[in-house]
Amino acid sequence: MDRYAAVERELRKAAPHLLLDVIAVALREHYAVQSVELRLADYGMTTLQVVSEAPLAEPVHVHGSPQGRAFGAQQPYVEPRTARSGPGPQNTHLPVTVRGDRLGVLTVTGAEDGFSPADLAEMQQICEALGHEILVAERDTDLYLLARRATRLTLAAEMQWQLLPGRSVSRPEFRLGAHLEPAYAIFGDNFDWSVSAHHLTLTVTNGMGTGMEAALLTNLVVSALRNARRAGLDLAGQASLADQAVYAQHRGALHAAVLLLRFDLATGEVEAVDAGSPRMWRLRGRNVESVDFDAQLPLGMFEETEYVTERLRVEPGDRLLIGSDGVYDSASAAGERYGERAIARSLSAHRFLPSEQVPLAVLRDLRDHRGATPLDDDALVVCLDWFGRQSSTGDTSV
C-alpha cells in the first residue's frame, strides 16, 4: 500500500474529533513530519483560525501571512529560509480544499532539507482527503465549525450559514464563489446551488425583513426551492411551489426576492426566473453590462402567482456577477448608488482574480464606496466563471 493510501485509510477510520491527531501521526510516520497545525478560514474569510479543543495559537490574517499565501494561491507554500531564521526545520503550508471550496490550510514542519516535489504532491492529495473528512465529521462534532468563527454568530447568522452549500465550487465547466456580509450578523440574503451531470442550478435569495424574521423566511424559501427541485419540477415550477409555500405561511405579509438560474453544462444555455431584486452583470472580454430580465413578483406576495422562464446564453470566458440590493443599492456619501457605475468598475478591476476571490474584493470596494457609512443591509455577491464543456477534439461546445 502506498503512503497516500495508508494515510487516507487512517483518516477514514478516525473518530470525527481526532482527524488532526490521526493525520499528525500518519504524516510523522510516512513523511518524517515533525509537527502539524490545521487552520480553517473564518466566516468572514479574513482570518485563519487554529483547530484545537483549547486553541492557544492566535489567528493569522488571510492577507499578509504565509498561511494566507497558500490559501489565496491554492498552492503549497514553503517558507523561505532567512539569515535571521538560520538552519532548521521548514514550515510548509498546504491548502485544504474540497471541489473548489476553500476550507483552510494545513501547516507541516519537516526536516532541514524539506520535502521533495513528490512528497508535496502526495501531501496535497492528503489535504484534499482531510477536507472531505472534515465535511463529513461536521455532522457529528462542533470542533471544526467552532474553529471557523472569530466571534460569536447571531442566531439568524447561524441559521443562514447552516443553509449554505459551501462558499465556492468548481467543475470543468465553471468555477463559482460567493460571500455574505456582515458574516456574523446576516439576516435574509442567501445563495444555493446544485450540480448534476448536465446542469448547474443556482439561486440567490433576498428575504424581506431583519433578524430572526428574515432568517426564518429565507429558510422557508430555500427549503421549498430545494424540495421542488428534488421533485423534478422545472425552474418556473420551483418558483411557483416556493411562492405558494411562502404565501400559505404569511398570506402576503412577507415575501422574498429570488433569482433562479439553470445552466446547461454542455451548451451554455441558461434558463432564468427573476422573482425580485437580485441583479446580474456580465463581463465579456473587457465589456461589462447589466443582464436585465423581465421583473416578476417576489415569492409569496400573492396567491398562486405564475412564473415565466426566460433564456440567455453564456459563452466560454464569460464572468457573471450577481449582487443583492444591499450591494447595488448602497449609496456613497455623494448619493451615488454602487450599481450605477462602481460595480462595473470593480468587476473590470478584478477580472484577473479567480472567481472565489472576487466576491470579497467587490465587497471591499463597496466599503470604500460607502466611506465611513457602515452597511445597513445584508450584502451578497456571487461570481461565476464559465468555461464551457470541451469536446473530444478539444473544441469548446457552445
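Just so we're clear, the structure is a prediction, and the values are computed from it rather than from any experiment.

## Quick notes on the overall build of the protein
Scanning the protein from N- to C-terminus turns up eleven helices and 19 strands. Taken over the C-alpha trace, the protein has a radius of gyration of 22 Å; the compact-globule value for 398 residues is 21 Å, and the two agree within 12%. Looking at the protein as a whole, 53% of its 398 residues qualify as buried. Within the protein, counting contacts between residues at least 6 apart in sequence, those at least 24 apart form 66% of the total. When the accessible surface of the protein is summed, it comes to about 17,800 Å², and 51% of that surface belongs to carbon and sulfur atoms. If the 38 positive side-chain charges of the protein are averaged to one point and the 53 negative ones to another, these points end up 3 Å apart.

## A few points about the sheet that holds strand β15 (residues 310-313)
Read across the sheet, five strands follow the order β9-β10-β11-β12-β15 without closing on themselves; strand pairing throughout is antiparallel. Of all the strands in the sheet, just β9 (189-195) and β15 have a single pairing partner and so form its edges. Averaged over neighbouring strand pairs, the angle between their axes works out to 20° when direction is ignored. As paired strands, strand β12 (residues 269-275) and β15 are joined by four bridges and run antiparallel to one another. Each bridged residue has a counterpart across the sheet, and for Glu 269 the counterpart in β15 is Arg 313. Along the sheet, helix α7 (residues 211-230) contacts β9, β10 (199-207) and β11 (256-264); its crossing angle with β10, the most-contacted strand, is approximately 160°.

## So, the nonpolar core
Counting 36 residues, the largest nonpolar core has Leu 176, Leu 261, Phe 263, Met 280 and Val 382 as its most contacted members. Looking at this core, the elements with two or more residues in it are α6 (155-163), β8 (174-181), β9, β10, β11, β12, β16 (319-323) and β17 (379-386). Leu 94, Val 98, Ile 134 and Ala 147 belong to the second largest nonpolar core, which has 32 residues in total.

## As for the layout of surface pockets
The volume enclosed by the largest pocket comes to roughly 710 Å³. Taken together, 23 residues make up the lining of the largest pocket; nearest its centre are Asp 101, Leu 135, Leu 164, Pro 165 and Gly 166. Of all the secondary structure elements, the ones that give two or more residues to the lining of the largest pocket are β6 (101-109), α4 (117-137), α6, β7 (168-171) and β9. Of the residues forming the lining of the largest pocket, the biggest block, four residues, is contributed by β7. Across the lining of the largest pocket, the residue classes break down as eleven nonpolar, five polar and seven charged.

## Here's the deal with the confidence of the model for the protein
On average, residues of the protein score 92 in pLDDT, and 95% of them are at 70 or above. Per-element averaging of pLDDT across the protein places strand β19 (residues 396-397) at the bottom with 46 and β12 at the top with 98.

## Let's talk about the packing of aromatic side chains
Applying the stated criterion across every chain yields a total of five aromatic pairs. Judged by centre distance (5.8 Å) and plane angle (15°), the rings of Phe 191 and Trp 193 are stacked. Among the residues examined, Phe 191 registers a relative accessible area of 1% and is labelled buried. Classification of Trp 193 by relative accessible area gives buried; the value is 10%. Ring plane angle 25° and centroid distance 5.7 Å describe the contact between Phe 263 and Trp 386, whose orientation is recorded as stacked.

## With respect to empty space enclosed by the protein
Within this structure, the stated rule accounts for one cavity of 30 Å³ or more. Residue lining of the largest cavity: Met 45, Arg 102, Arg 167, Ser 168, Gly 177, Ala 178, His 179, Glu 356, Pro 359 and Leu 360, and that is the complete set. Secondary structure elements with two or more residues in the lining of the largest cavity: β8 and α11 (358-370). For the lining of the largest cavity, the leading source of residues is β8, giving three residues. Its residues assigned to classes, the lining of the largest cavity shows four nonpolar, three polar and three charged.

## Concerning the pairing of β10
The element β10 is extensively covered by neighbouring structure, given that nine of its nine residues are classed as buried. Burial of the side chains of β10 extends over both faces: His 199, Thr 201, Thr 203, Thr 205 and Gly 207 are buried on one face and Leu 200, Leu 202, Val 204 and Asn 206 on the other. Here β9 runs beside β10; their pairing, made up of seven bridges, is antiparallel. Paired with Asp 189 across the two strands is Asn 206, which belongs to β10.

## Some points on the environment of Ala 248
Considering the arrangement of structural elements, one finds Ala 248 in helix α8 (residues 235-250). Of the residues examined, Ala 248 reaches a relative accessible area of 53% and is grouped as exposed. Remark: the alpha-carbon pair of Ala 248 and Ala 224, spanning 24 residues in sequence, is separated by 12 Å.

## Looking at a nonpolar patch on the surface
Together, Leu 155, Met 212 and Leu 216 line one region of the surface with nonpolar side chains, adding up to about 280 Å² of accessible area. Residue position: Leu 155 is located in helix α6.

## A short note on the sheet that holds β16
Taken in spatial order, the six strands line up as β7-β8-β17-β16-β13-β14 in an open sheet, and their pairing is antiparallel. Each having just a single partner strand, β7 and β14 (287-291) make up the two edges of the open sheet. Between one strand axis and the next, the sheet turns through 15° on average, direction left out of account. Here strand β13 (residues 279-284) pairs with β14 via five bridges, running antiparallel. Note that in β14 the partner of Met 280 across the bridge is Val 291. Each of β13, β14 and β16 is contacted by helix α10 (residues 338-349), which is oriented at about 45° to β13, the strand it contacts most.

What counts as what
Residues numbered from 1 in each chain as written. Predicted model: local features only at pLDDT ≥ 70, side-chain atom pairs only at ≥ 80, totals over all residues. Heavy atoms only, no water. Helix = DSSP H or I, 4+ residues; strand = E, 2+ residues; numbered from the N terminus. Rg over C-alpha atoms; globule rule 2.2 N^0.38 Å. Buried < 20%, exposed > 50% of the residue type's maximum accessible area, 1.4 Å probe, protein only. Contact = heavy atoms within 4.5 Å. Areas by Shrake-Rupley, 256 points an atom, 1.4 Å probe, with all protein chains shown as cover. Lys, Arg positive; Asp, Glu negative; His and termini not counted. Charge placed at Lys NZ, Arg CZ, Asp CG, Glu CD. Pairing = 2+ DSSP bridges. Axes fitted to C-alpha atoms, helices over the stretch in contact; angles between N-to-C directions. Core = buried A, V, L, I, M, F, W, Y, C linked by side-chain atoms within 4.5 Å. 1 Å grid on protein atoms, 1.4 Å probe; cavity = no way out; pocket = protein on both sides within 12 Å on 5 of 7 lines; lining within 4 Å. Points joined across faces, edges and corners; volume = space filled by probe spheres on them. Nonpolar A, V, L, I, M, F, W, Y, C, P; charged D, E, K, R; others polar. pLDDT = per-residue confidence, 0-100. Phe/Tyr/Trp six-rings, centres within 6.5 Å; stacked < 30°, edge-to-face > 60°. Patch = residues over 30% accessible without salt bridge, like charges linked within 9 Å, V, L, I, M, F, W, Y side chains within 5 Å. Salt bridge = Lys/Arg side-chain N within 4 Å of Asp/Glu carboxyl O.

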